[in-house]
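Each chain is listed here by its residues.
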Amino acid sequence: MAFSLTDGLSLATRQQFLALQLRYVAGLNARWLEISNALAPQAMQRKLHQLAGSAGCYGFERLGQCAAAAEILASSGAGVALTEALVVLKAEIDLVRSKGVAG
Amino acid sequence: MSELRRVMCVEDDPDIRMILEFSLTALGAYEVCLCSSGQSALAQAPGFKPDLMLLDVMMPGLTGPQTLAALRTRQDMKKVPVVFLTAKAMPDEIAELMRHGAAGVIIKPFDPVKLPQELLMYWERGCGVLPD
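> Help me understand the interface of chain B and chain A, please; the structure alone is not making it clear to me.
Buried accessible area, meaning the area lost when the parts come together, often serves as the stated size of an interface. Between chain B and chain A, the contact holds 19 residues from the first and 22 residues from the second. Here chain B meets chain A over a buried area of about 1800 Å², counting both sides, of which 65% is carbon and sulfur. Linking chain B with chain A are four salt bridges. Put simply, arginine 23 of chain A and aspartate 15 of chain B hold a salt bridge, and the shortest N to O gap is 3.3 Å. Along the contact surface separating chain B from chain A lie six residue pairs in polar contact (both at pLDDT 80 or more).

What follows is the structure, encoded as C-alpha cells:
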C-alpha cells in the first residue's frame, strides 16, 4: 500500500502521522512478546490478527503480510510451518524497528 | 439528505483506534467517538447520535454483527448506516457481512488517507438504501 501522505497534505498533518508511526514502531517489541509468550493458540492467533490488521494502516505492509501468514498457520495448528513463519515475522519486526519510519 | 459529521468507531485494538482518529479527524474533519467494544458503543451511541458507525467485526464480547443487531432494536439507531471493518477479505465473507444490513465493508489494512472519502461514499449509499 502506498500512502499519499506526502502529496498535498500539510506539514503538521504529516508530522502527526509520523508521530503515530513512531509510537507504533516503539510498541512492536511488546507486541512480539505478547505473540511469542502466548500460552493458548487462540491467544497467539488473536495477537497475530491484530498485528496483521494494524501494520499496513501505519504503512508497514510487509510486516502486516508476515503477521497474516503466521495467523493463518496459527489457526490451522501447523507446527513447524508456524515456527518458521514466526521467525520471518520476528526478522521483519527487527527490520522495521532498526529502520524506523524512514524505511 | 443531511451531512456526514459524526462518526462512531468501534474497535478493540488501540492502535487501530488511534489511526482511525487521525484519519477521520485530521484528514476527514469529522467529529469522532471512539469505542473499544460493542457494549460501550451501545451505551454511547444514543448520546453521541452518530451519522455513521464503523464497526470492527471480530471483537471480544459483542462482535460487530451482534452489535449491529442490538443497535437495530433501538428506534433512534434503526437508520444509522453501519460500515464493517474487517481483515477477512473473501467475497463470501463480505457478502455475509452485507447480509447483516451493512452499508459497506472496509478491509484492513486500510489507507488512512482514503478512508474519509470511502466512508462518505458508504454513508451516501447507506442513507439511500435503508428501509423506513
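> Can you help me understand helix 1 (residues 11-26) of chain A in this one?
For an α-helix, the turn length of 3.6 residues means that residues three or four places apart are oriented alike. Look at helix 1 of chain A: 22 Å from first C-alpha to last across 16 residues, which is about the 22 Å you get at 1.5 Å a residue. In this structure, the buried residues of helix 1 of chain A make contact with helix 2 (28-36), helix 3 (41-55) and helix 5 (79-99) of chain A together with helix 1 (14-27) of chain B.

> What is the right way to read the nonpolar core from this model?
Across soluble globular proteins, you tend to see nonpolar side chains buried next to one another. Residues Leu51, Leu63, Leu86 and Leu89 of chain A together with Ile106, Phe110 and Leu119 of chain B are the most contacted members of the largest nonpolar core, which totals 46 residues. With six residues, the top contributor of residues to this core is helix 5 of chain A. When sequence neighbours within four positions are dropped, the list of residues in contact with leucine 86 of chain A reads Trp32, Ile35, Met44, Leu48 and Ala70 of chain A. Ranked by size, the runner-up nonpolar core spans 21 residues in total, among them Leu42, Leu71, Val82 and Phe84 of chain B.

> Just to check I follow, could you spell out empty space enclosed by the protein for this structure?
In this approach a probe as big as a water molecule rolls over the atoms, and the regions it shows empty are the leftover space. Counted under the stated rule, the structure contains one cavity of 30 Å³ or more. In this model, the largest cavity occupies a volume close to 40 Å³. As for the largest cavity, its lining consists of Arg46, His49 and Gln50 of chain A together with Glu11, Asp12, Asp13, Ile16, Asp56, Met58 and Lys108 of chain B.

> Looking at this structure, how should I read the environment of leucine 28 of chain A?
Residue and element names in this part refer to chain A. Turning to its location among the elements, leucine 28 is positioned in helix 2. For the pair leucine 28 and valine 96, spaced 68 residues apart in sequence, the C-alpha to C-alpha distance is 8.9 Å. Among residues more than four places away in sequence, those in contact with leucine 28 are Leu51, Leu63, Ile93, Val96 and Arg97.

> In this structure, what is going on with the sheet that holds strand 5 (residues 104-107) of chain B? I would like to understand it.
Pairing between the strands of a sheet comes from backbone hydrogen bonds, and it takes one of two forms, parallel or antiparallel. All names here are of chain B. A sheet is described by the order of its strands in space; here five strands give the open sequence 2-1-3-4-5, paired in parallel fashion. The open sheet terminates on both sides in strands that have one partner only, identified here as strand 2 (31-35) and strand 5. Along the sheet, successive strands turn relative to each other by an average axial angle of 20°, direction set aside. When strand 1 (residues 6-10) meets strand 2, the two strands line up parallel, connected through five bridges. Across the sheet, residue cysteine 9 finds its bridge partner in strand 2, namely leucine 34. Packed onto the sheet, helix 2 (residues 38-48) meets strand 1, strand 2 and strand 3 (52-56) and runs at close to 170° relative to strand 1.

Thresholds, definitions, all that
- Starting afresh in each chain, residues are numbered from 1 along the sequence in its written order.
- Written order decides the labels, with chains lettered from A and ligands numbered from 1.
- Only residues with pLDDT of at least 70 get local features here, since the model is predicted, and only at 80 or more are side-chain atom pairs given and counted; chain-wide, interface and lining totals rely on the full set of residues.
- The side-chain quantities take in all heavy atoms of the structure and omit both hydrogens and water.
- Here a residue-residue contact requires only that any non-hydrogen atoms of the pair lie within 4.5 Å.
- Put simply, buried area is how much 1.4 Å-probe accessible surface two parts lose in total, over both of them, once they are put together.
- Salt bridges are identified by distance alone: a Lys or Arg side-chain nitrogen within 4 Å of an Asp or Glu carboxyl oxygen.
- Whenever a nitrogen or oxygen atom comes within 3.5 Å of another N or O atom, the pair is scored as a polar contact, on the condition that within protein one atom can donate a hydrogen and the other can accept it, and that pairs from neighbouring residues in sequence are kept only if both atoms are in side chains.
- Numbering of helices and strands runs from the N terminus; a helix is a DSSP stretch of H or I covering at least four residues, while a strand is a stretch of E covering at least two.
- The span expected for a helix works out to 1.5 Å for each residue beyond the first.
- As used here, the term nonpolar core means buried Ala, Val, Leu, Ile, Met, Phe, Trp, Tyr and Cys residues forming a set that is joined through side-chain atoms within 4.5 Å.
- Relative accessibility decides the category of a residue: with a 1.4 Å probe and only protein chains considered, values under 20% of the type maximum give buried, values over 50% give exposed, and everything between is partly exposed.
- Only protein atoms enter the calculation, which uses a 1 Å grid: trapped sets of points that fit a 1.4 Å probe without letting it out are cavities, open sets showing protein on both sides within 12 Å along at least five of seven lines are pockets, and any residue with an atom within 4 Å of a point is a lining residue.
- Grid points are joined across faces, edges and corners, and a volume is the space filled by probe spheres set on the points.
- Here, a strand pair is defined by DSSP locating no fewer than two bridges between the strands.
- Only the stretch in contact is used when fitting a helix axis, every axis being a line fitted to C-alpha atoms; angles between N-to-C directions are given from 0 to 180 degrees.

These values are about where atoms sit, not about what they do.
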